[in-house]
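Architecture and fold: a report
Listed below, chain by chain, are the residues.
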Amino acid sequence: MTETKIFARLKADHDRHRELLDRIDATHGDSDERRELFEALRVEVTAHAASEEMSLYATMLANPDLRDEAQHSVAEHKEIEDYLTELYEMDFSSSGWLTRFRTMKDRYLHHIDEEEEDMFPAAEKELSDARKKELIKIFDKEKPKEKAKAAEEEPSSEEARD
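This section reports on the structure supplied with the text.

1. Observations regarding the pattern of salt bridges
Any two side chains of opposite charge can pair if their charged atoms end up close together. Overall, the coordinates contain 23 salt bridges when judged by the stated rule. Ionic pairing is found between Asp13 and Arg9, a salt bridge with its closest N-O pair at 2.7 Å. Placement of both Asp13 and Arg9 in helix H1 (residues 5–25) is noted, with a separation of 4 residues, approximately one turn of the helix. Among the residues examined, Asp13 registers a relative accessible area of 6% and is labelled buried. Taking relative accessible area as the criterion, Arg9 reaches 26% and is therefore assigned partly exposed. Arg35 serves as the salt-bridge partner of Asp30, at 2.6 Å between the closest nitrogen and oxygen. Accessibility expressed as a relative area gives 40% for Asp30, which makes it partly exposed. One network of salt bridges, with partners in common, ties together Arg9, Asp13, Glu44, Asp140, Lys143 and Lys147.

Conventions used here
Here, residues in each chain are numbered from 1, in the same order as that chain's written sequence. Note on the predicted model: pLDDT of at least 70 is required for a residue's local features to be given, and 80 or more for side-chain atom pairs to be given and counted; whole-chain, interface and lining totals, by contrast, use all residues. Only hydrogens and water are removed before side-chain values are computed, so all heavy atoms of the structure are retained for them. Basic side-chain nitrogens of Lys or Arg form a salt bridge, by our definition, when they fall within 4 Å of a carboxyl oxygen of Asp or Glu. Where helices and strands are cited, they refer to DSSP runs of H or I of at least four residues and of E of at least two residues respectively, numbered from the N terminus. Note on classification: 1.4 Å probe, protein chains only; a residue is buried when its accessible area is under 20% of the maximum for its type, exposed when over 50%, partly exposed between these limits.

In structure tokens, the structure reads:
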């Protein structure tokens, strides 16, 4: 079965996230490089997750055969968002920052691997070609808006608790 555009698009984002995670992991202390890479990751992952939820997850939640996987992934998005907020608020030069970052990195890699290996193939089988075409349009429309929104807003613990 040929992979449809929505899943290829989501995987391309994941590959970019993996690259950013590795580059951040190689940084040291409170450097401009660490801050810039982390901010790029925070904005990208936040926008990706929101757009993915508005497109693919919304459709999966409406399908009883896909609902459990979508709910699980939404919960993991919230977990990653909480990690990103915590890291944003921490001292970038502390040894604790890198330790916490690596915990978040492991959790996020688990999440995207699970999506690519389990969720995407299940959705690929269940969703019509027409619906998959609609999903890529929604994702591509929403992501730039979500990216601009994420770049403008500073994360805070208050938002993380809502």
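Further notes follow.
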